Amino acid sequence: MKNCTLVAAAVALAVVSAAGTASAIGPDVIFSEALGLATSNVPGVPGATFQAFDRPYRSPDGSLWIISADTDLATTEDEVIIVGAGMTGMVVVREGTQAPFAPAGELFGLIDRNLGINNAGSYVFATNLGGTAGTADDEVIVRYDAVLGAFDAAAREGGAVPGFPGEALGPTLDSASIVDSGEVWYRAPSTVGALTTADDDFLIAGAAALAQESVTVPGGVLDAWDVFDTFDFYASGDGSHWLAQGDTLAATSDDDVLVVDGDVVLQENQPIPGSGLADLIDLSGIIEPYMSSSGDWMARGDFAGTQQDWLVFNGDVVALTGELIPDIGTGERYDDTIFSACFFSMVADNNGNFVYGCVTDSVNTEANGLVLLNRGGVTSELLRENDPVDLDGNGMFDDDAFLGTFNNDDAFLTDDGWYYFTVDLRSSVGVSLGQAFMRVRAFETTPTCQPDLTTGAIAGQPGYGVPNGVVTNDDFFYYLAQFASGNVAVADLTTGAIMGQPGYGVPNGVITNDDFFYYLAIFAAGC
């Protein structure tokens, strides 16, 4: 439906020349170590405050998240797991408390880094039980079934290895994840029984062994698996895709491999397939792998000859040290002078958009750590080291708090455009302010009727900023207000203003006159 007249055009054009380019809206603090602020309080544990955060994970649809953290409680009970949505969460597991599925006196112990949660809210983690638990069966993969509202041991030391009668799970169980069906996947090295130390390591997918040391040969190579790397085993949300890194029985010069769905996609001492780059991946040069809930995979590493660092998305090289960072307009290049790996983070949503972190050659070494968004093939700057932080949530940058070091790979991206991450904060003179778990709007998802932005034009009134299915002058004035205030999340709509050219209708992280004229065009077209 269309109901629009351009009565505001003259006012709008006057504002355009003054608006120029605007910086991004600052990220929101979910939890922090900032004592005295509400964000430092551990939800559900009165009197406890946060001391550190580990890696956050999301459900496949992005509606839920899960993270583990350290608190200031006694060391026998200071680790917690928090499940949340948006800006709020609650402690669901605490170290040193009774494991509900176990005999009385057996307590949750230390919590592994890898966690998993599905769309139903069922979650999984690995722990070593304490209290009265015996050392012969204290390693456990714990599952919480949200449908049943109950915990169980999805796998426990001493339990049966699926498909291998008489073989028992050993003292190490880790890399846990949970798929949509509630099935739990994990790494199970050093099983106990008739198998030798040469063939007793497994990757387990629910009730089946997915891969076995010395037996399973990944596609594309001649040698069987030898070692499955700790914490480098991932499954897609529906369990149809998986990723694992480790070593084969090949010579140590080229035994390190990254395997996706059973086939080798990267191998040390080999070029990156299909890249056209002749250099070979360095010894132990596959530094970190990642798989999203959709099955998209990423990896980063370095080459042996040039020592260039690289980043790949589904096998395509998307960044190399020395190259100009595209689209952001700062003239910076990817650089590993200060941080030898250059790239420090990589995550993706389910639609092919991804976010990655890098260090640049900026002469300002206090602001050369960047987090970049690649959406629709266009790169934009999402966050930068030394960006200000509204630590107390009062809507102003008046806390002398700034983004410091982004934590390696401790992040995720949702389909609706939210980027969640952990970061070390610092003051303007470099004093540490501790760690924080935060989120920032990476992009807005396109509404069914893109120019429909609001129900009314009066800020603070019901319907302000809520689309109502029709295009009126209220939508125009709403966009004008967001454009003038520099709200990138709403006003950044395009890279260029020429229809049919690359970047048209693709946000680029900055607000320019092109964005205004793009909105003017879609407003005039209506819905």
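Computed from a predicted structure; not experimentally measured.

Participant: So what's going on with the overall build of the chain? Residues and values would help.
Facilitator: Across its full length, the chain holds 4 helices and 33 strands. Against the globule reference of 24 Å for 527 residues, the chain gives a C-alpha radius of gyration of 25 Å, in line with a compact fold. C-alpha extents for the chain along the principal axes are approximately 85 × 60 × 50 Å. Counting the 527 residues in the chain, one finds 53% classified as buried. Counting contacts in the chain only where the partners sit at least 6 residues apart, residues at least 24 apart contribute 45% of the total. By element, 54% of the accessible surface of the chain is carried by carbon and sulfur atoms, the whole surface being about 20,800 Å².

Participant: So what's going on with the packing of aromatic side chains? Which residues, and what values?
Facilitator: Counted according to the given criterion, the structure contains 38 aromatic pairs. Ring geometry for Phe-412 and Tyr-420: centres 4.5 Å apart, planes at 20°, overall stacked. A relative accessible area of 3% places Tyr-420 in the buried class. Counting every residue linked through ring pairs, the aromatic cluster contains Phe-476, Phe-477, Tyr-479, Phe-483, Phe-516, Phe-517, Tyr-519 and Phe-523. Sitting over the face of the ring of Trp-418, Arg-439 holds its NZ or CZ atom 3.6 Å from the ring centroid.

Participant: Lay out the environment of Asn-119 in plain terms, naming residues and giving numbers.
Facilitator: Here Asn-119 is to be found in the loop between strand S8 (111–117) and strand S9 (123–128). Given the relative accessible area of 35%, Asn-119 is considered partly exposed. Separated by 407 residues in sequence, Asn-119 and Gly-526 have C-alpha atoms that sit 36 Å apart. Those residues in contact with Asn-119, other than ones at most four positions away along the chain, are Ser-59, Pro-60, Asp-61, Leu-64 and Asp-180. A distance of 2.9 Å separates the side chain of Asn-119 from the backbone nitrogen of Asp-61, its partner in a polar contact.

Participant: Give me the pattern of salt bridges: which residues, what numbers.
Facilitator: One pass over the full model with this rule turns up 13 salt bridges. Ionic pairing is found between Glu-366 and Arg-426, a salt bridge with its closest N-O pair at 3.5 Å. With Glu-366 in the loop between strand S28 (354–359) and strand S29 (369–375) and Arg-426 in strand S32 (residues 418–426), this residue pair connects regions lying 60 residues apart in the sequence. Judged by relative accessible area, which is 42%, Glu-366 ranks as partly exposed. Here Arg-384 ties to Glu-381 by a salt bridge, and the two come within 2.9 Å at their closest N and O atoms. Taking relative accessible area as the criterion, Arg-384 reaches 13% and is therefore assigned buried. For Glu-381, a relative accessible area of 27% gives the class partly exposed. Because the salt bridges share partners, they merge into one network encompassing Arg-55, Glu-288 and Asp-410.

Participant: Could you give an account of the environment of Val-317, naming the residues involved and the relevant values?
Facilitator: On the secondary structure map, Val-317 appears in strand S26 (residues 316–320). The exposure class of Val-317 is partly exposed, given its relative accessible area of 28%. Remark: the alpha-carbon pair of Val-317 and Phe-412, spanning 95 residues in sequence, is separated by 21 Å. Those residues in contact with Val-317 that lie beyond four places of it in its chain are Ile-272, Ser-275, Leu-277, Leu-311 and Val-312.

Participant: Can you explain the pairing of strand S12 (residues 150–156)? Please cite residues and give values.
Facilitator: Within a regular strand, side chains alternate between the sheet's two faces. When strand S11 (residues 139–145) meets S12, the two strands line up antiparallel, connected through 6 bridges. Note that in S12 the partner of Val-142 across the bridge is Ala-153. Connecting the antiparallel pair S11 and S12 is a turn made up of 4 residues, with Gly-149 showing a positive phi of about 70°.

Participant: If you had to explain the pairing of S28 to someone new, which residues and values would you point to?
Facilitator: S28 sits mainly inside the fold: 6 of its 6 residues count as buried. Neither face of S28 is open: one carries Phe-354, Tyr-356 and Cys-358, the other Val-355, Gly-357 and Val-359, and all of them are buried. Sheet topology places strand S27 (residues 343–348) next to S28; 5 bridges connect them, and they run antiparallel. Paired with Ala-348 across the two strands is Phe-354, which belongs to S28. As consecutive antiparallel partners, S27 and S28 are separated by 5 residues, and within that stretch Gly-352 has a phi angle of approximately 85°, a positive value. Examined bridge by bridge, S28 and S29 share 6 bridges and lie antiparallel to one another. Directly across from Gly-357, in S29, lies its bridge partner Val-371.

Participant: Give me the lowdown on the sheet that holds strand S22 (residues 263–267), citing residues and values where you can.
Facilitator: Strand pairs in the sheet, formed through backbone hydrogen bonds, run parallel or antiparallel to each other. Read across the open sheet, the 4 strands follow the order S19-S20-S21-S22; overall the sheet is antiparallel. Since the sheet does not close on itself, it has two edges, and those belong to strand S19 (225–235) and S22, each with one partner. Going from strand to strand, the sheet's axes swing by 30° on average, the running direction of each strand aside. For strand S21 (residues 256–260) and S22, the ladder comprises 4 bridges, and the chain directions are antiparallel. Its bridge partner being in S22, Leu-258 is matched across the sheet by Leu-266.

Participant: A description of the packing of helix H2 (residues 473–485) against helix H4 (residues 513–525) should follow, citing residues and the corresponding values.
Facilitator: A pair of packed helices is captured by two measures, namely the crossing angle of their axes and the spacing between those axes. It is the contact of H2 with H4, at a shortest axis distance of 11 Å, that shows an interaxial angle of 170°. On the basis of their axis angle, the class for H2 and H4 is roughly antiparallel. Residue-level contacts link Asn-473, Asp-475, Phe-476, Tyr-479 and Phe-483 of H2 to Asn-513, Asp-515, Phe-516, Tyr-519, Leu-520 and Phe-523 of H4. Residues belonging to the contact of H2 with H4 are distributed by class as follows: 7 nonpolar, 2 polar and 2 charged.

Participant: Just give me the short version of H4, but keep the residues and values in it.
Facilitator: Taking 1.5 Å per residue, 13 residues should reach 18 Å; H4 reaches 19 Å between its end C-alpha atoms and fits that length. Listed as buried for H4 are Asp-515, Phe-516, Tyr-518, Tyr-519, Leu-520, Ile-522 and Phe-523. Downstream of H4 by a residue or two, Gly-526 has a phi angle that is positive, lying close to 70°.

Participant: Pulling in residues and values, what's your account of the side chain of Ser-122?
Facilitator: Looking at the secondary structure, you find Ser-122 in the loop between S8 and S9. By relative accessible area, Ser-122 is classed as buried at 5%. Here the side chain of Ser-122 touches Ala-146 through a polar contact of 2.9 Å, landing on its backbone nitrogen. Excluding its chain neighbours within four sequence positions, the residues that come into contact with Ser-122 are Gly-116, Ile-117, Tyr-144, Asp-145, Ala-146, Val-147 and Ile-178.

Each value, and the rule that gives it
- Residues numbered from 1 in each chain as written.
- Predicted model: local features only at pLDDT ≥ 70, side-chain atom pairs only at ≥ 80, totals over all residues.
- Heavy atoms only, no water.
- Helix = DSSP H or I, 4+ residues; strand = E, 2+ residues; numbered from the N terminus.
- Rg over C-alpha atoms; globule rule 2.2 N^0.38 Å.
- Buried < 20%, exposed > 50% of the residue type's maximum accessible area, 1.4 Å probe, protein only.
- Contact = heavy atoms within 4.5 Å.
- Areas by Shrake-Rupley, 256 points an atom, 1.4 Å probe, with all protein chains shown as cover.
- Phe/Tyr/Trp six-rings, centres within 6.5 Å; stacked < 30°, edge-to-face > 60°.
- Lys NZ or Arg CZ within 6 Å of the ring centre and 35° of its normal.
- Polar contact = N/O pair within 3.5 Å; in protein donor to acceptor, adjacent residues only side chain to side chain.
- Salt bridge = Lys/Arg side-chain N within 4 Å of Asp/Glu carboxyl O.
- Pairing = 2+ DSSP bridges.
- Axes fitted to C-alpha atoms, helices over the stretch in contact; angles between N-to-C directions.
- Parallel < 35°, antiparallel > 145°, perpendicular 65-115°, else oblique.
- Nonpolar A, V, L, I, M, F, W, Y, C, P; charged D, E, K, R; others polar.
- Expected span 1.5 Å × (residues − 1).

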